[in-house]
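Structural features, examined
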Amino acid sequence: MTAPTAVTHGTGPAPGAAEDELLAHFDALIAEGETIEPRDWMPDGYRRMLTRQIAQHAHSEIIGMQPEGAWLTRAPSLHRKSVLIAKVQDEAGHGLYLYSAAETLGVDRADLLDALHHGRQRASATFNHPALTWADTGAIAWLTDGAAVINQAPLCRTSYGPYARAMRRVCQEEAFHVRQGYDLMRALCEGTPEQKAMAQDAVDRWWLPAVALMFGPPDTEAGGSDARTAALGAAVSRRAMAWGIKRHTNDELRQRFVDSCVPQAERLGLTLPDPAIRWNEERGHYDFTPIDWDTYRTALGEETHWARRRIDHRRAAHEDGAWVREAAAAYAAREEAAGPPAGPGADVPRQTQEERA
Amino acid sequence: MTTTSETRTDTSAVPSADADLATYLLRLGDDALVLGQRLCGWITRAPLIEEDLALSNIALDLVGHARTLFTLAGRLDGTGRTEDDFAFTRREREFTNALLTELPNGDFAVTVARQLAHTHYASLLYEALAGCPDPELAAFGARAAKEVAFHRLHADRWVRQLGLGTPESARRMQRGLERVWPYTAELFDEDDVVRRLAATGTVPSPAPLRPEWERRVTEVVTGAGLTVPTPSWQARGGRSGLHTEEFTDLVGELQSVHRQFPGGTW
């Protein structure tokens, strides 16, 4: 192997090298903007942080199917029904990409789901709100998915290769969902007064969850009401940014989201439920009420009606389907014993480093 | 002189070929919409995330079929009704889907059995429709046949996995087949509308497709170590608007938002 002029993959210290040498190579890869791949050495903290983040993200996709999924049978036009089915289907797909990305870190999807079902891991608390009307499906797509796109776009360049690649596909589809959500809200706003009232009511209920919960706790003092929480958040964000997992602070992304939503709401003729929203010439951003994180977090603990409902729904589906999964596993074992697998897709290779381009 | 309205009155007394075709397409559209609606009930409740994905994919195709068929029917029957008029403003008794498609989901095996019966039927029918003289209808048949071919593979694969999986899954799969089989005969029924259309070669009659359907489903079922049921009774009525009691809930749910906002645009 010839000595590389720049730090790249497969050129690092041999396996079994001293940890400081491995760490130096890892840091150099990050500094060069190279991705870290599953077979690369990585610090335990990096692996843990990523596993937690990707799993939480995957869980959020799966739990996030519920509020909208509940309206599939009631969509008021066949066009909207098709759009909503496709969206919920995309979310299931995102969950699958992300669980696969997490599996490259040495965890198992079944264990991650078990952790979700038993409260050891969580989905975004955004979805611990009920979708009470048809307009909620529009507000969720416009605001929640809109927040997700802003939050997740930088993750397309996150340092862990499988996560970054999964996110590129996720973001493309999410951007489409936001447009569909906006379009759904626009139709309601241009409809009867009753339809418009339904749209406003949904925005009143989904604005704060999107602003507060899709971006995580305040991690700068400017964005938080509590200096200690902000300091704690800042420490976590600094670590994540040093590792190239995150690219921006939570509050930076939150501001970007507010800045994008205000003119959209104005075009729709909807009022965002925050009287403090106004353009700040000096900052070049919209001001808004800082999130009172402590109060909000208390109200959204796991011991709330909707948090329980989401997990119970998910767990019931999993438990009711156990016999189906057992049958599929028994069938697969039987086929394997009978001989080499036949047909396309019977032996799908795991993603390899070579696919990272 | 014959005015347009007189012509319409005349054709409704003795159904025109267009009116017959509209009736026929509405039946297929109702089959697709109602089955799609049922499958929507699985999404977020499936045994595997892969199945949330697969069943939503199938539901999406079915809603797409219904939209095309309703639009064609509205043009042919002279009323100019839209796809949404058909889906959201008709009453229960005006739906003409086969009873099979409205059967409640039951456990996963019941749904798989219902899919098996319907996809093999739809697959044969759409393939035949692809050869019909109307170019628009033929194009629809060709596209739908391609999509339904995947639904069929999905059903076939699950019948096999459940039939040959565990004793419990085999028992449930057999029970699922027993549950839905009395509702399969109606799919192949012929009435005057179908007979008139088939006589002119406008569309295929489903009746002659039955032997091939029997052969195909028997191959799948017996290949999975299961038995094709031989029900002592056959349910009928959907094609003439006589539905199951559960159907009222299905239609009520389907139309609830649309009906809550009279004059709404979506």
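Under an unreviewed UniProt entry, chain B has the name Phenylacetic acid degradation protein and belongs to Streptomyces longwoodensis.

Under the annotation held in an unreviewed UniProt entry, chain A carries the name Phenylacetate-CoA oxygenase and is attributed to Streptomyces longwoodensis.

This paragraph deals with the overall build of chain B. Check the secondary structure of chain B and you find 11 helices and 0 strands. Tracing chain B from N to C terminus, the helices and strands come up as α-α-α-α-α-α-α-α-α-α-α. Along the three orthogonal principal directions, the C-alpha set of chain B runs to about 75 × 45 × 35 Å. Relative to its 266 residues, chain B shows a buried fraction of 56%. Residue pairs at least 24 apart in sequence account for 80% of intrachain contacts in chain B once pairs closer than 6 positions are excluded.

On to the overall build of chain A. Counting secondary structure elements, chain A contains 12 helices and 2 strands. Of the regular secondary structure in chain A, the N- to C-terminal order runs α-α-α-α-α-α-α-α-α-β-β-α-α-α. In chain A, buried positions account for 54% of the 357 residues. Residue pairs in contact within chain A that sit at least 24 positions apart in sequence constitute 75% of those at least 6 positions apart.

Before going further, it helps to examine helix 11 (residues 247-260) of chain B. For helix 11 of chain B, which comprises 14 residues, the first-to-last C-alpha distance of 19 Å matches the rise-based estimate of 20 Å (1.5 Å per residue) to within 8%. Those residues of helix 11 of chain B not exposed but buried are B:F247, B:L250, B:V251, B:L254, B:Q255, B:V257 and B:H258. Against the buried residues of helix 11 of chain B lie helix 3 (78-103) and helix 5 (134-152) of chain A together with helix 2 (17-40), helix 4 (83-89) and helix 5 (99-102) of chain B.

With 180 residues, the main nonpolar core has A:W134, A:W142, A:F257, B:Y24, B:Y126 and B:L162 as its most contacted residues. Considering each element in turn, this core owes the most residues, 13 residues, to helix 6 (residues 108-129) of chain B. Beyond its immediate chain neighbours, meaning those up to four positions away, B:Y126 contacts B:L28, B:H65, B:L69, B:F140, B:G141, B:A142, B:A144, B:A145 and B:V148.

The subject of this paragraph is the interface of chain B and chain A. Listed as interface residues are 49 residues of chain B and, on the opposing side, 46 residues of chain A. Here chain B and chain A share an interface that buries about 4100 Å² over both sides, 68% of which is from carbon and sulfur atoms. When residues of chain B are sorted by the area they lose upon contact with chain A, B:T44, B:I49 and B:W266 head the list and together hold 18% of the total. Where chain B packs against chain A, one counts 1 salt bridge. The closest approach of N and O atoms between B:E50 and A:R109, which form a salt bridge, is 2.4 Å. The dominant element in the side of chain B that touches chain A, judged by the number of residues it contributes, is helix 3 (residues 49-76) of chain B, at 11 residues. Grouping the constituent residues of the side of chain B that touches chain A by class yields 24 nonpolar, 14 polar and 11 charged.

Per-residue confidence for chain A averages 88 on the pLDDT scale, and 89% of its residues sit at or above 70. Every residue in residues 344-357 of chain A is under pLDDT 50, and counting partners more than four places away or in other chains gives 17 contacts.

All names here are of chain A. Relative to the helices and strands, D40 is located in the loop between helix 1 (19-31) and helix 2 (44-69). For D40, a relative accessible area of 13% translates into the label buried. Here E37 takes part through its backbone nitrogen, which lies 2.8 Å from a polar atom of the side chain of D40.

Residue and element names in this part refer to chain B. Looking at the element boundaries, Q255 is found in helix 11. In this structure the side chain of Q255 is engaged in a polar contact, spanning 2.8 Å, whose partner is the backbone oxygen of R90. Residues in contact with Q255, not counting those within four places in the same chain, are A87, F88, T89, R90 and F95.

This part covers the pattern of salt bridges. Residues and elements named next belong to chain B. For the structure shown, the criterion picks out 33 salt bridges over all chains. One salt bridge in this structure joins R239 and D31, with 2.9 Å as the shortest N-O distance. Of this pair, R239 sits in the loop between helix 10 (210-223) and helix 11 while D31 sits in helix 2, placing them 208 residues apart in sequence. Across the pair, D31 and R239 agree in class, each one buried.

With that settled, consider helix 12 (residues 322-338) of chain A. Look at helix 12 of chain A: 24 Å from first C-alpha to last across 17 residues, which is about the 24 Å you get at 1.5 Å a residue. Taken together, the buried positions of helix 12 of chain A are occupied by A:W323, A:V324, A:A327, A:A328 and A:Y331. All buried residues of helix 12 of chain A fall inside an arc of 140° around its axis, so they share one side. Among the exposed residues of helix 12 of chain A, those pointing more than 90 degrees away from its buried face are A:E336 and A:A337. Among the structural elements, helix 11 (305-320) of chain A together with helix 6, helix 7 (135-163) and helix 8 (167-180) of chain B are those in contact with the buried residues of helix 12 of chain A.

On to a negative patch on the surface, then. All names here are of chain A. Among the surface-exposed residues, E19, D20, E21 and D44 lie close enough to one another that they form a single negatively charged patch. Looking at which element gives the most residues to the negative patch, the answer is helix 1, with 3 residues. With respect to the helices and strands, the residue D44 is situated in helix 2.

It is worth spelling out the packing of helix 6 (residues 161-189) of chain A against helix 9 (residues 250-268) of chain A at this point. Two quantities define a packed helix pair, namely the angle between the axes and the distance from one axis to the other. Residues and elements named next belong to chain A. At a minimum axis distance of 10 Å, the contact between helix 6 and helix 9 shows a crossing angle of 30°. Looking at the two axes, helix 6 sits roughly parallel to helix 9. Of helix 9, the residues touching helix 6 (which contributes Y182, M185, R186 and C189) are Q264, R267 and L268. Broken down by class, the residue content of the contact of helix 6 with helix 9 amounts to 4 nonpolar, 1 polar and 2 charged.

Rules used throughout
- Residues numbered from 1 in each chain as written.
- Chains lettered and ligands numbered in written order.
- Predicted model: local features only at pLDDT ≥ 70, side-chain atom pairs only at ≥ 80, totals over all residues.
- Heavy atoms only, no water.
- Helix = DSSP H or I, 4+ residues; strand = E, 2+ residues; numbered from the N terminus.
- Buried < 20%, exposed > 50% of the residue type's maximum accessible area, 1.4 Å probe, protein only.
- Contact = heavy atoms within 4.5 Å.
- Expected span 1.5 Å × (residues − 1).
- Core = buried A, V, L, I, M, F, W, Y, C linked by side-chain atoms within 4.5 Å.
- Buried area = accessible area lost by both parts, 1.4 Å probe.
- Salt bridge = Lys/Arg side-chain N within 4 Å of Asp/Glu carboxyl O.
- Nonpolar A, V, L, I, M, F, W, Y, C, P; charged D, E, K, R; others polar.
- pLDDT = per-residue confidence, 0-100.
- Polar contact = N/O pair within 3.5 Å; in protein donor to acceptor, adjacent residues only side chain to side chain.
- Arc of directions from axis to C-beta.
- Patch = residues over 30% accessible without salt bridge, like charges linked within 9 Å, V, L, I, M, F, W, Y side chains within 5 Å.
- Areas by Shrake-Rupley, 256 points an atom, 1.4 Å probe, with all protein chains shown as cover.
- Lys, Arg positive; Asp, Glu negative; His and termini not counted.
- Charge placed at Lys NZ, Arg CZ, Asp CG, Glu CD.
- Axes fitted to C-alpha atoms, helices over the stretch in contact; angles between N-to-C directions.
- Parallel < 35°, antiparallel > 145°, perpendicular 65-115°, else oblique.

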